[in-house]
Amino acid sequence: MKFTTSTMKSLVLAAAGLQIAEALQLDVNNSASIRSASSTIAHGLMKYYVSNATGANPTAVGTLPGPYYWWEAGAMWGGLVDYYAYTNDTSYNPSTTQALLAQVGPDRNYMPPAYFFSLGNDDQAFWALAAMSAAEYGYPDPPSSSPQWLSLAEAVFNTMVPRWDTTTCAGGLRWQIFSSNAGYDYKNSISNGGFFQLAARLGRYTGNQTYIDWAEKIWDWSAGVGLIDRNYAVFDGTDLKINCTGVDHTQWSYNVGMYLHGAATLYNYTNGSALWESRTSGLLKASNTFFSPFSNATDVMFEPACELASTCDYDQFSFKAYLSRWMAKSVILAPYTTASVTRLLRASALAAAASCSGPDNACGAKWYVGGFDGVVGVGQQLSALETIQSLLLLNADGPVAMHEGNVKISTIAPTSSLSIPDRTAAPTPAATSRSAGLTPRDMALPAAAAAAVVGAKLL
């Protein structure tokens, strides 16, 4: 008998007593198939959520168990808001609503004191953006006695404005909110990009020019300090201890995605301005860095700063989710990007589906290997879900269309055609983790989540 890599992995899984699954079936041209695949992945993702069980600490409701940080739960619920909007499946709405309200904090601005020890501006932004999506998509309103989705997003914006730090680097948000937290001296793209995207989306949604003015201000600062270069590559961050005179050139997929959605929002809001078209197109072209790792994996998404070297941490495994999420949303706002984005996300969705062949269709990390790589977790599951369910948004025939009433489609033709060139070079390998300087939380997964990880690393 000839033993292939996949055969050996199957034997190891069988020996461990785990169910062996076939690759997830996906027809990227069939909405019913996309919904079915998305449903399977969402079910697997929710297995990691155990913090609402009877007897759970009230401050933990809505969060994920260690080693996952508070921010990633907000990102996950944002993905499940999208899941409802794209599929019209309400299965997870009760948990999603409960979670988004449980973590608002006493001031109703996503600053719960239980998580002050690790609370960054980027963390707060992910929860705010989930609330913003709920408002935009017409997700069911909270009870009248609870804060509403739009007011939560606005409250977060209102906490960020006074944190804009002009005492160093002529502006910018610091990574961390509190001076006691490691990373307080770092001004990074994901925090400032989150502020930018939130401001842009609030401006488009409400028509309030103040939000638009802030979005433009944040963009100008980000580009001026070098976090966004002339080719629209988005770098990780800069240090105020050197007055932001140099940047960490590590590129992460979620950074360019964060700015892309904000830029596309402003393209839409300005009814197709040449300036925001240029920026949207530039960022989309820069995202090419995160596709096609090998000649036999054309258009497949990957995380070059850690994936090839197998050094991704729990945060970084989820980054592809956000690039997929924001690329797809950008198509609605800037329709001229449709062909380029659809090509990339369809190829990536097929590769992601092939990776979801672990126990109970658990999804792996490296989509370019042509199957399940044995490395599972929340980030891997969320990345596959966002990439596959985004096809429903691109196909534009799902229930999401009924919830997009606040998004106007530009009728202005773009001034130039958009095509994404082949990737020519990899970005600088990661020198700094997103969680640099923070003490790793080596907490064991609870039994319900750990069951999905048994025998996970099959090298």
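Per chain, residue numbering runs from 1 following the sequence as it is written. Per-residue local features of the predicted model are confined to residues with pLDDT of at least 70, and side-chain atom pairs are confined, for both listing and counting, to 80 or more; whole-chain, interface and lining totals are unaffected and use all residues. Each side-chain value is derived from all of the structure's non-hydrogen atoms; neither hydrogens nor water enter the calculation.

Peer 1: How should the state of the cysteines be read in this particular structure?
Peer 2: Defined simply, a disulfide is a covalent bond joining two cysteines at their sulfur atoms. Defined by distance alone, a disulfide is two cysteine sulfur atoms within 2.5 Å. Tallied over the full model, the rule gives 3 disulfides. Through a disulfide, Cys 306 is tied to Cys 312; the S-S separation comes to 2.0 Å. Taking the sign of the S-S torsion, 85 degrees for the link of Cys 306 and Cys 312, the bridge is right-handed. Look at Cys 306 and you get buried, because its relative accessible area is 1%. Judged by relative accessible area, which is 13%, Cys 312 ranks as buried. The cut-offs for exposure are 20% and 50% of the maximum accessible area for each residue type, with area from a 1.4 Å probe on protein chains only; residues under the lower value are buried, those over the upper are exposed, and the others partly exposed.

Peer 1: Would you mind going over helix H11 (residues 319-333) with me for this structure?
Peer 2: Because an α-helix completes one turn every 3.6 residues, residues spaced three or four positions apart along the sequence face the same direction. Helix length check: H11 (15 residues) gives 22 Å between terminal C-alpha atoms against 21 Å at 1.5 Å per residue, within 8%. In terms of burial, H11 is largely enclosed, as 15 of its 15 residues are buried. Strands are runs of DSSP state E lasting at least 2 residues, helices are runs of H or I lasting at least 4, and numbering of each runs from the N terminus. Helix span, expected: 1.5 Å multiplied by one less than the number of residues in the helix.

Peer 1: Help me out: how do you make sense of helix H10 (residues 274-286) in this one?
Peer 2: Counted at 1.5 Å a residue, the expected span for H10 with its 13 residues is 18 Å, and the 18 Å between its end C-alpha atoms agrees. Considering only its buried residues, H10 is in contact with helix H7 (189-206), helix H8 (209-225), helix H9 (253-269), H11 and helix H12 (338-355). Contacts between residues were defined by any pair of non-hydrogen atoms, one from each residue, lying within 4.5 Å.

Peer 1: Help me out: how do you make sense of the sheet that holds strand S1 (residues 186-188) in this one?
Peer 2: Across a sheet, paired strands are connected by hydrogen bonds in the backbone, their directions being either parallel or antiparallel. Criterion used throughout: strands pair if DSSP finds at least two bridges between them. The 3 strands lie next to each other as S1-S2-S3, forming an open sheet whose pairing is antiparallel. Looking at the sheet topology across the chains shown, the edges are occupied by S1 and strand S3 (247-248). Here 2 bridges tie strand S2 (residues 237-239) to S3, and the two strands are oriented antiparallel to one another. When the sheet's bridge partners are listed, Gly 237 is paired in S3 with Asp 248. Under this scheme, a helix contributes an axis fitted over its contacting stretch, all axes are lines through C-alpha atoms, and angles between N-to-C directions fall in the 0 to 180 degree range. Most of the contacts of H7 go to S1, to which it runs at about 50 degrees, and overall it touches S1 and S2.

Peer 1: How do you make sense of the packing of H9 against H11 when you look at a structure like this?
Peer 2: Describing two packed helices takes the angle between their axes plus the distance from one axis to the other. The N-to-C vectors of H9 and H11 enclose an angle of 15 degrees; their axes lie 8 Å apart at closest approach. Taken as axis vectors, H9 and H11 run roughly parallel relative to one another. Taken as a pair, H9 and H11 cross one another with a handedness that is left-handed. Residues Ser 253, Tyr 254, Val 256, Gly 257, Met 258, Leu 260, His 261, Ala 264, Thr 265, Tyr 267 and Asn 268 of H9 form the contact with H11, whose own contacting residues are Phe 319, Lys 320, Tyr 322, Leu 323, Trp 326, Met 327, Lys 329, Ser 330 and Leu 333. Residues are sorted three ways: Asp, Glu, Lys and Arg are charged, Ala, Val, Leu, Ile, Met, Phe, Trp, Tyr, Cys and Pro are nonpolar, and all the rest, Gly among them, are polar. The residue makeup of the contact of H9 with H11, split by class, is 12 nonpolar, 6 polar and 2 charged. Any angle that falls under 35 degrees is termed roughly parallel, while one over 145 is termed roughly antiparallel, one within 65 to 115 roughly perpendicular, and all others oblique. Whether a crossing is left-handed or right-handed is set by the direction in which the near helix is turned from the far one by less than a right angle, anticlockwise for left-handed and clockwise for right-handed.

Peer 1: I tried to follow the nonpolar core on my own but got confused; where do I start?
Peer 2: In summary, soluble globular proteins display a tendency toward joint burial of nonpolar side chains. Trp 77 and Tyr 322 are the most contacted members of the largest nonpolar core, which has 141 residues in total. It is helix H3 (residues 70-87) that provides the largest number of residues to this core, a total of 12 residues. Apart from residues lying up to four places away in sequence, Tyr 322 is in contact with Trp 71, Glu 72, Ala 75, Phe 126, Tyr 254 and Leu 382. We define a nonpolar core as any set of buried Ala, Val, Leu, Ile, Met, Phe, Trp, Tyr and Cys residues linked to one another through side-chain atoms lying within 4.5 Å.

Peer 1: Teacher, can you tell me more about the confidence of the model for the chain here?
Peer 2: With 81% of its residues at a pLDDT of at least 70, the chain reaches an overall mean of 87. On a range of 0 to 100, pLDDT expresses the predictor's confidence in each residue. Low pLDDT, under 50, characterises residues 1-18; the predicted model gives this stretch 16 contacts beyond four residues in sequence or across chains. The low-confidence segment residues 422-459 (pLDDT under 50) makes 73 contacts with residues lying over four places distant or belonging to another chain.

Peer 1: Got a minute to help me understand the pattern of salt bridges in this structure?
Peer 2: Two side chains that carry opposite charge are able to pair once their charged atoms sit near each other. One speaks of a salt bridge when a side-chain nitrogen belonging to Lys or Arg is within 4 Å of a carboxyl oxygen belonging to Asp or Glu. A complete count under the given rule lists 11 salt bridges for this structure. Between Asp 360 and Lys 47 there is a salt bridge whose closest N-O contact spans 3.6 Å. Taken as a pair, Asp 360 in the loop between H12 and helix H13 (378-395) and Lys 47 in the loop between helix H2 (31-46) and H3 lie far apart in primary sequence, 313 residues in all. By relative accessible area, which is 40% here, Asp 360 ends up partly exposed.

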